[in-house]
Amino acid sequence: MTLALYTHVDMLGHRPREGHPERPARLSAVTDALSEASDLELEVREAPLIEPDDLALAHDPEYVAALMAQAPTHGVLRLDEDTEMSPGSMRAARRAAGAVTAAVRSVASGEIERAFCAVRPPGHHAGRRFPMGFCLFSNVAVAAKAAQAAGLRRVAVADFDVHHGNGTQDIFQSDPNLFFASVHESPGWPGTGDPSETGIGNVFNATVAPHAPRAAWRAAFEGLMAHMDAFAPDLVLISAGFDAHADDPLAEQELLEEDFAWATDAILSVARARAKGRVVSSLEGGYDLSALGRSALAHVRALHGG
Ligand SMILES: [Zn+2]
């Protein structure tokens, strides 16, 4: 099976200040690792620039317009203590949301079954009306709404980034046809994602302690997959953050590359049973360049082969 890979060099043009962990080299680390793997058959596709109307599927249109108006022409604009915009950021953010949305539409039309989107800035902390945690637009939430509009009514997001996907939860929590499952470190940034946060019964949060054994992380993830199976999605989206890796500087988990392959296989098992194998994965975090490249490769290999 050929796997579609959506990406674009414009996403290197999002340049937070020097020393910011969410840096352009992250994207190169992922695309280099994938292009050096001779066993993968990847069909590289250009991520399109998403239009404001599509962003408004998940975001308040006034938020979209205000963020576009704020985009700087020089220097770096700080939106909060973590989230910044450089002159290339809006174009990068529109490519990132455009990638996942285009991938989902190709899956909805039956043209492809699966895709991986190598994108930045990431998206899962951006809510309906706010940027947060390096994220400007919620790439997977916009894509989920586009999938619904394209006839895939029930959409699940599996989020294995080490941080809680509070933005996705914000957008999903009142729609019974959307499902959100997140495993994340607690205590940890952003401090949300307690298991008691359940939306309207469509949100499932699982927490793992700092330095939790890998088996504990896997057990937590398996519990989430049982809920996703019961939801019976038509499409599964993955918020694929690799910052639960043992080498990551932003968290205290102990995962190795093979754990991300294992998690991907667990997601694919539900997708094959419930969603005709339809899966679109989108890069979120991961801040050690070597671990990020190796982990994304393990994930894409599993997506490709499973
Ligand atoms: Zn993260």
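Now for a look at the structure at hand. Values in this document were obtained by computation on a predicted structure and should not be read as measured data.

## Some words on the overall build of the protein
A tally of helices and strands in the protein yields 9 helices and 10 strands. Considering only C-alpha atoms, the protein reaches an extent of 45 × 45 × 40 Å along its principal axes. Scored against the burial criterion, the 306 residues of the protein give a buried share of 58%. In the protein, once contacts between residues fewer than 6 apart in sequence are set aside, the share between residues at least 24 apart is 76%. Carbon together with sulfur atoms contributes 50% to the accessible area of the protein, which is approximately 11,000 Å² in total. For the protein, the distance from the average site of its 25 positive side-chain charges to the average site of its 41 negative ones is 5 Å.

## Observations concerning unusual backbone geometry
A cis amide bond links S186 with the next residue in sequence, P187, at an omega value of 0°. By the secondary structure assignment, P187 is in the loop between β7 (178-185) and β8 (203-208). A cis amide bond links W189 to the next residue, P190, at an omega of 5°. Within the element layout of this structure, P190 appears in the loop between β7 and β8. With a phi close to 60°, H211 is a non-glycine residue in the positive phi region. Structurally, H211 can be placed in the loop between β8 and α7 (214-231). On the basis of relative accessible area, H211 is assigned to the partly exposed category, the value being 48%. Non-glycine residue K276 carries a positive phi angle of around 55°. One can find K276 in the loop between α8 (257-274) and β10 (279-283).

## Observations concerning the coordination of the zinc ion
Protein coordination of the zinc ion is provided by D161 (OD), D161 (OD), H163 (ND1) and D243 (OD), with donor distances spanning 2.0 to 2.7 Å. Classification of the site at the zinc ion rests on its 4 donor atoms, whose angles at the metal span 53 to 154°, yielding the label irregular. In primary-sequence terms, the residues that donate to the zinc ion follow D-x1-H-x79-D. Here D243 lies in the loop between β9 (235-240) and α8 and H163 lies in the loop between β6 (155-159) and α6 (166-172), a separation of 80 residues in the sequence. For the pair shown, H163 and D243 are each scored as buried.

## Notes on the packing of aromatic side chains
Scanning the entire structure with this criterion turns up 11 aromatic pairs. When the centroid spacing of 5.6 Å and the interplanar angle of 45° are considered together, the rings of F160 and F260 count as tilted. Of this pair, F160 sits in the loop between β6 and α6 while F260 sits in helix α8, and the two are 100 residues apart along the sequence. Classification of F160 by relative accessible area gives buried; the value is 0%. In this structure F260 comes out as buried when scored by relative accessible area, which is 0%. Each member of the aromatic cluster is reached from another via a ring pair, and the members are F160, W217, F221, F242, F260 and W262.

## Points about the pattern of salt bridges
Evaluation of the coordinates by the stated rule reveals 20 salt bridges. Between D175 and K145 there is a salt bridge, and its shortest N-O distance comes to 3.8 Å. Of the two residues, D175 sits in the loop between α6 and β7 while K145 sits in helix α5 (residues 139-149), which places them 30 residues apart along the sequence. The pair formed by D175 and K145 is uniform in burial state, with each residue classed as buried. Notably, a salt bridge pairs D247 with R294, separated by 3.5 Å at the nearest N-O pair. Highlighted residues: D247 in the loop between β9 and α8 and R294 in helix α9 (residues 289-305), separated in sequence by 47 residues. The partly exposed category is assigned to D247, whose relative accessible area is 42%. Put simply, R214, R218, E258 and D259 are held in one network by salt bridges that share partners.

## Let's talk about the nonpolar core
With 93 residues, the main nonpolar core has F116, F160 and L237 as its most contacted residues. The greatest single-element share of this core, amounting to 11 residues, is contributed by helix α4 (residues 89-108). Excluding anything up to four places from it in sequence, F160 contacts V183, W217, F221, I238, S239, A240, G241, F242, F260, A263, I267 and H299.

## Overview of helix α3 (residues 61-70)
Within α3, burial applies to Y63, V64 and L67. The buried residues of α3 occupy one face: seen down the axis, they fall within an arc of 100°. Away from the buried face of α3 by more than 90 degrees, exposed residues P61, E62 and A69 are located. Contacts from the buried residues of α3 go to α2 (52-55), β4 (84-85) and α4.

## A word on α5
It helps to recall that an α-helix has 3.6 residues per turn; residues three or four apart then point in one direction. Among the 11 residues in α5, 9 count as buried, and that is most of the element. Buried residues of α5: N139, V140, A141, V142, A143, A144, K145, A146 and A147, and no others. A positive backbone phi angle near 105° is found at G151, which sits one or two residues after α5.

What counts as what
Residue numbers restart at each chain and count upward from 1, following the sequence in its written direction. Selection of residues for local features in this predicted model requires a pLDDT of at least 70, selection of side-chain atom pairs for listing and counting requires 80 or more, and totals for whole chains, interfaces and linings are taken over all residues. Calculation of side-chain values draws on the structure's entire complement of heavy atoms; hydrogens and water are dropped beforehand. A run of H or I in DSSP becomes a helix once it reaches four residues, and a run of E becomes a strand once it reaches two; helices and strands are each numbered from the N terminus. For the exposure calls, accessible area comes from a 1.4 Å probe over protein chains only, and a residue counts as buried if that area is under 20% of its type's maximum, exposed if over 50%, partly exposed in between. Should any heavy atoms of two residues lie within 4.5 Å, those residues are counted as being in contact. For every accessible area listed, the method is Shrake-Rupley and the probe measures 1.4 Å; residues are considered covered only by the protein chains on display. Asp and Glu are treated as the negative residues and Lys and Arg as the positive ones, with His and the ends of the chain left uncounted. Note that the charge is assigned to NZ on lysines, CZ on arginines, CG on aspartates and CD on glutamates. Listed donor atoms are N, O and S within 2.8 Å of the metal (Na, K and Ca: 3.2 Å). As water is not included, a site may look incomplete. Sites are called tetrahedral only when four donors show all angles between 85 and 135 degrees, square planar or octahedral only when four or six donors show opposite pairs over 155 degrees and all other angles between 65 and 115, and irregular in any remaining case. Classification of ring pairs rests on two measures: the distance between centres of Phe, Tyr or Trp rings, Trp counted by its six-membered ring, which must be within 6.5 Å, and the angle between planes, read as stacked under 30 degrees, edge-to-face over 60 and tilted in between. Take a side-chain nitrogen of Lys or Arg and a carboxyl oxygen of Asp or Glu: if they are within 4 Å of each other, that pair is a salt bridge. Residue types Ala, Val, Leu, Ile, Met, Phe, Trp, Tyr and Cys, when buried and joined through side-chain atoms within 4.5 Å, form a set referred to as a nonpolar core. Directions are taken from the helix axis to each C-beta atom, and the arc is the one they span.

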